[in-house]
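Report on the structure
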Amino acid sequence: MVKNRTCVFISGQGSNLKNLIYHSRDNNFPIKICLIASNNKNAYGIKYAQKYKIPYITFNTQLKNYNNKILLNLRKHKISFICLAGYMRIISPNLIMKYKNRIINIHPSLLPKFKGLNTFSRMLKNKEKRAGCTVHYVNKKLDSGNSIVQKSFFIKENDKVSNLKEKTQRLEYKAFPEAIIKIFRNKTNS
Ligand code: GAR
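Note that the structure is a prediction, hence the values are computed from the model and not measured.

Looking now at the nonpolar core. Of all hydrophobic cores here, the largest spans 37 residues; its most connected members are Ile-104, Phe-176 and Ile-180. The dominant element in this core, judged by the number of residues it contributes, is helix α6 (residues 161–189), at eight residues. Ignoring anything within four residues of it in the chain, the contact list for Ile-104 reads Phe-81, Ile-82, Cys-83, Leu-84, Val-135, His-136, Tyr-137, Val-138, Ile-148, Phe-176, Ile-180 and Ile-183. In terms of nonpolar packing, the next biggest core, distinct from the first, is built from 21 residues, Cys-34, Leu-71, Ile-82 and Leu-95 among them.

Another aspect to go through is the layout of surface pockets. Taken as a whole, the largest pocket encloses approximately 930 Å³ of empty space. In this structure, the largest pocket is lined by 40 residues; those nearest its centre are Gly-86, Tyr-87, Met-88, Pro-108 and Leu-117. When contributions to the lining of the largest pocket are tallied by element, the ones reaching two or more residues are α1 (15–24), β5 (103–107), α5 (119–125), β6 (130–137) and α6. Here the lining of the largest pocket gets four residues from one element, more than from any other, and that element is α6. Roughly 180 Å³ of internal volume is contained in the second largest pocket. Lining the second largest pocket are Ile-96, Met-97, Lys-100, Asn-101, Tyr-137, Val-138, Asn-139, Lys-140, Gly-145 and Asn-146. Across the lining of the second largest pocket, the residue classes tally to four nonpolar, four polar and two charged.

Let us now look at the packing of aromatic side chains. Per the counting criterion, the structure on display carries six aromatic pairs. Centroid distance Tyr-44 to Tyr-48: 6.0 Å. Interplanar angle 75°. Geometry classified as edge-to-face. Over the aromatic face of Phe-154 sits the side chain of Arg-130, whose NZ or CZ is 4.1 Å from the ring centroid.

For the rest of this paragraph, the subject is the site of the ligand. In the vicinity of the ligand, the residues found are Gln-13, Gly-14, Ser-15, Asn-16, Gly-86, Met-88, Ile-106, His-107, Pro-108, Gln-169 and Glu-172. A distance of 2.7 Å is found between an oxygen atom of the ligand and a backbone nitrogen or oxygen belonging to Gly-14. Taking Asn-16, its main chain carries an N or O atom lying 2.9 Å from an oxygen atom of the ligand. About the coverage of the ligand: the protein hides 88% of its 450 Å² of free accessible area. More than half of the atoms of the ligand fall within 2 Å of the grid points belonging to the largest pocket. Mapped by element, the contributors of at least two residues to the shell around the ligand are α1, β5 and α6. Of the residues that constitute the shell around the ligand, the class distribution is three nonpolar, seven polar and one charged.

Scoring rules and cut-offs
- Residues numbered from 1 in each chain as written.
- Predicted model: local features only at pLDDT ≥ 70, side-chain atom pairs only at ≥ 80, totals over all residues.
- Heavy atoms only, no water.
- Core = buried A, V, L, I, M, F, W, Y, C linked by side-chain atoms within 4.5 Å.
- Buried < 20%, exposed > 50% of the residue type's maximum accessible area, 1.4 Å probe, protein only.
- Helix = DSSP H or I, 4+ residues; strand = E, 2+ residues; numbered from the N terminus.
- Contact = heavy atoms within 4.5 Å.
- 1 Å grid on protein atoms, 1.4 Å probe; cavity = no way out; pocket = protein on both sides within 12 Å on 5 of 7 lines; lining within 4 Å.
- Points joined across faces, edges and corners; volume = space filled by probe spheres on them.
- Nonpolar A, V, L, I, M, F, W, Y, C, P; charged D, E, K, R; others polar.
- Phe/Tyr/Trp six-rings, centres within 6.5 Å; stacked < 30°, edge-to-face > 60°.
- Lys NZ or Arg CZ within 6 Å of the ring centre and 35° of its normal.
- Near = heavy atom within 4 Å.
- Polar contact = N/O pair within 3.5 Å; in protein donor to acceptor, adjacent residues only side chain to side chain.
- Areas by Shrake-Rupley, 256 points an atom, 1.4 Å probe, with all protein chains shown as cover.
- Sits in = over half its atoms within 2 Å of the grid points.

Rendered as structure tokens:
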């Protein structure tokens, strides 16, 4: 199988990155992670880049030329697909244009509900029945691109922010790889 050269963007813990690295080591999984990019030089997830010897870059979104650094490195590593895995910044419009329909994001809610930050506390406040995660395409509007995979569970009465996060992340580790398989299966069939 020809693997799609992928860059994973992270900002923090990187547990979804770790899970994607694990899946991508399977010959039948459609992506190879060739670059890791982080806006946070202290992100724990960078340790996985070092451990698995995957090239990585860090950048400061406060600096004017940070987007050029990203674009140059995406070109250098011949990246054709991008996964946002806990990346807590907005992607620049010109990167979105260059990678149209080739950037996906994982979000900890059942979109279109609870776009943005602090999803779990807002769900609890709203007395939602269900929580979950969504893998979706990235477009210019925050958390608004077409959904690819969604997984949900029922919220229990004693659920708090911390265990909602834990339950959601357990679903994310299934949803993200599933979405990637779905995307590339559809591409080879079309
Ligand atoms: C994930 O739960 C992801 O859904 C969320 O950040 C977490 C990152 O965890 N993303 C967002 O909130 C994006 N708006 P990880 O670094 O351990 O993968």
